[in-house]
Amino acid sequence: MAPRRSSTNGLPPAGRLLPSTAHLPSTAAAAAATAQQDALSVILVTGGYDNTIRFWEAWSGVCSRTLNHQEHQVNRLAISPDKRFLAAAGNGTVKLYDIATSASGSGGANVGPLVTLTGHTANVTSLAWHAEAKWLVSGSEDGTVKIWDVRTASPQRNYAHLAPVNDIALHSNQGELISCDQSGAIKIWDLGGDCCSHELLPEEDVPMRSVSVASDGSALVAGSHTGTVYVWTIQPGVSFTDLQPKTRFQAHSRYLIKVLVSPDTKNLATCSADTTIKIWSTPSSTNAAAPRGGLNGEGDGAYKLEKVLQGHQRWVWDMAYSADSAYLVSASSDHTARLWELASGTTVRQYSAHHKACVAVALNDSSS
């Protein structure tokens, strides 16, 4: 879907600047670090309940760098699209690290964050970057969604969800934000209008665990606590909030934790407390009517189970696709992360260094 708003999305200009000792690197400084960043063509990072953030050599499986994320565990990680910054969500805070410095090994394990974003009053559960890394979105168990200008120490927007927020996703048009919560609500926030434009409640009093939006803006996918996946299509050329229910299906028999549409939009990955990851092929026609009959959606609207990725021994908490959609990285309570080759459905690397549950993973191998 073509963008309907400017990249600023009506967000107010930067507010109070941080002291000079805490500001993010300037554009000139970023240019000076270009050569070093080029060496970081594949950035793979994991975090967990052992209060560490670990950088990995993706193909060798070697942990190249460990950062101590002091004070609390790591709940979620997000790499900025330009590969400059790593956002780490913890209890009440989001910390931004300079990737070139953090991954290089200089400064030891106690490299501090460039900026600590404070304002949430409970665990921060979700993160999403603006396409040009101009701002960052966070969702929290405190029932709020906040939008941060990365040059400031205070949120530029604060949206009340009225229930603990479990996940957020940013539409590719950069003008709409989707969030889901523990009460079962899915909310669509119009950033230009600065309001909640739409609310969905697929299952009353059943927590919605995760949301994902297709990169071409064609579909919204959500997963519930009971293992059910819901899909809405977004008709091309119309407002995002004109959603059409497409299908629903039972993906897992135990808690579903995350849904993730592949960058090429051809597959959907789901992970669960049942220790598995499932790869589903998306329907050939995104404009098909909602199927009738079984819960698993028969007909043109059906999602077909292609592969079940097995190997983790405990809950699978997080996933990230490679840019070409050929690989998937997963994080699990079994203390490990795994790199899966999706064509064969096999583990090609296992990343073992965490001493407690590994619950967050971020991958950026894009060439842009």
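The text that follows walks through the structure, step by step, so that each part is easy to find. (Residues numbered from 1 in each chain as written. Predicted model: local features only at pLDDT ≥ 70, side-chain atom pairs only at ≥ 80, totals over all residues. Heavy atoms only, no water.)

## Observations regarding the overall build of the protein chain
Turning to step 1, where the next piece is worked out: A tally of helices and strands in the protein chain yields three helices and 27 strands.
Turning to step 2, where the next piece is worked out: In the protein chain, which comprises 368 residues, the share counted as buried stands at 56%.
Turning to step 3, where the next piece is worked out: In the form shown here, the protein chain has an accessible surface area of approximately 14500 Å², with 49% of it arising from carbon and sulfur atoms. (Helix = DSSP H or I, 4+ residues; strand = E, 2+ residues; numbered from the N terminus. Buried < 20%, exposed > 50% of the residue type's maximum accessible area, 1.4 Å probe, protein only. Areas by Shrake-Rupley, 256 points an atom, 1.4 Å probe, with all protein chains shown as cover.)

## Focus: the sheet that holds strand β24 (residues 327–332)
Turning to step 1, where the next piece is worked out: Pairing is antiparallel in the open sheet, where four strands are placed in the order β23-β24-β25-β26. Every other strand in the sheet has two partners, leaving β23 (316–321) and β26 (346–352) as the edge strands with one partner each. Taken pair by pair, the neighbouring strands of this sheet meet at an average axis angle of 20 degrees, ignoring direction.
Turning to step 2, where the next piece is worked out: Across five bridges, the pairing between β23 and β24 is antiparallel. Residue pairing across strands places D318 opposite A331, the latter belonging to β24. (Pairing = 2+ DSSP bridges. Axes fitted to C-alpha atoms, helices over the stretch in contact; angles between N-to-C directions.)

## Here we look at the sheet that holds strand β2 (residues 52–56)
Turning to step 1, where the next piece is worked out: The strand order across the open sheet built from four strands is β3-β2-β1-β27, with neighbouring strands paired in antiparallel fashion. Each edge of the open sheet is held by one strand with a lone partner, namely β3 (63–68) and β27 (358–364). The sheet shows a mean angle of 20 degrees between the axes of neighbouring strands, taken without regard to direction.
Turning to step 2, where the next piece is worked out: Across six bridges, strand β1 (residues 43–48) lies against β27 in antiparallel orientation.

## Let's talk about unusual backbone geometry
Turning to step 1, where the next piece is worked out: Its identity as a non-glycine residue notwithstanding, D205 has a phi of 65 degrees, on the positive side.
Turning to step 2, where the next piece is worked out: Of the residues examined, D205 reaches a relative accessible area of 65% and is grouped as exposed.
Turning to step 3, where the next piece is worked out: Positive phi outside glycine occurs at T275, with the angle close to 80 degrees.
Turning to step 4, where the next piece is worked out: Within the fold, T275 resides in the loop between β20 (267–272) and β21 (277–281).

## Quick notes on the environment of D318
Turning to step 1, where the next piece is worked out: Among the structural elements, D318 can be located in strand β23.
Turning to step 2, where the next piece is worked out: Taking C-alpha positions, D318 is 7.5 Å from C271, a pair spaced 47 residues apart along the chain.
Turning to step 3, where the next piece is worked out: Every residue in contact with D318, bar those within four places of it in the chain, is listed here: R76, K258, C271, V329, S330, A331, V359, A360 and V361.
Turning to step 4, where the next piece is worked out: Within the structure, the side chain of D318 is placed 2.9 Å from the backbone nitrogen of V361, a separation counted as a polar contact. (Contact = heavy atoms within 4.5 Å. Polar contact = N/O pair within 3.5 Å; in protein donor to acceptor, adjacent residues only side chain to side chain.)

## Let's talk about the side chain of D334
Turning to step 1, where the next piece is worked out: Here D334 shows up in the loop between β24 and β25 (336–341).
Turning to step 2, where the next piece is worked out: No salt bridge is formed by the buried D334. Its closest oppositely charged neighbour is R338, at 5.0 Å.
Turning to step 3, where the next piece is worked out: A distance of 3.0 Å separates the side chain of D334 from the backbone nitrogen of Q313, its partner in a polar contact.
Turning to step 4, where the next piece is worked out: A distance of 2.7 Å separates polar atoms of two side chains, one belonging to D334 and the other to T336.
Turning to step 5, where the next piece is worked out: If near-sequence neighbours (up to four positions away) are discounted, D334 is found in contact with H312, Q313 and R314. (Lys, Arg positive; Asp, Glu negative; His and termini not counted. Salt bridge = Lys/Arg side-chain N within 4 Å of Asp/Glu carboxyl O.)

## A closer look at the environment of V45
Turning to step 1, where the next piece is worked out: Considering the arrangement of structural elements, one finds V45 in strand β1.
Turning to step 2, where the next piece is worked out: Under the relative-accessibility criterion, V45 is labelled buried at 0%.
Turning to step 3, where the next piece is worked out: Between the C-alpha atoms of V45 and L86, which are 41 residues apart in sequence, the distance is 8.9 Å.
Turning to step 4, where the next piece is worked out: Leaving out residues up to four positions away in the same chain, V45 has contacts with I53, R54, F55, W56, L77, I79, L86, A360, V361 and A362.

## Structural notes on the pairing of strand β12 (residues 176–181)
Turning to step 1, where the next piece is worked out: Of all six residues making up β12, six are buried, and the element is well covered by its neighbours.
Turning to step 2, where the next piece is worked out: By the alternation rule, side chains of β12 split into E176, I178 and C180 and L177, S179 and D181, which are all buried.
Turning to step 3, where the next piece is worked out: As defined by bridge partners, strand β11 (residues 165–170) adjoins β12 across five bridges and the pair is classed as antiparallel. Bridge pairing links I168 to S179 in β12.
Turning to step 4, where the next piece is worked out: Linking β11 to β12, which pair antiparallel, is a turn of five residues; within it Q174 sits at a positive phi near 65 degrees.
Turning to step 5, where the next piece is worked out: Bridge analysis of β12 against strand β13 (residues 186–190) gives five bridges, and the strand direction is antiparallel. Following the sheet pairing, E176 is matched in β13 by D190.
Turning to step 6, where the next piece is worked out: The turn linking β12 back onto β13 is made up of four residues, and G184 within it adopts a positive phi angle of 105 degrees.

## Some words on the side chain of K278
Turning to step 1, where the next piece is worked out: Mapped onto the fold, K278 is located in strand β21.
Turning to step 2, where the next piece is worked out: D274 provides the closest opposite charge to the buried, unpaired K278, separated from it by 4.8 Å.
Turning to step 3, where the next piece is worked out: Here the side chain of K278 touches A251 through a polar contact of 2.9 Å, landing on its backbone oxygen.
Turning to step 4, where the next piece is worked out: What K278 contacts, discounting residues up to four positions off in sequence, is A251, H252, L268, A269, T270, L305, K307 and V308.

## Some details on the nonpolar core
Turning to step 1, where the next piece is worked out: Formed by 16 residues in total, the largest nonpolar core has its most connected members in V45, I53, F55, L77, I79 and L86.
Turning to step 2, where the next piece is worked out: With sequence-adjacent residues up to four places away left out, I79 is seen in contact with I43, V45, F85, L86, I99, W129, A362, L363 and N364. (Core = buried A, V, L, I, M, F, W, Y, C linked by side-chain atoms within 4.5 Å.)

Geometric values such as these leave the question of function open.
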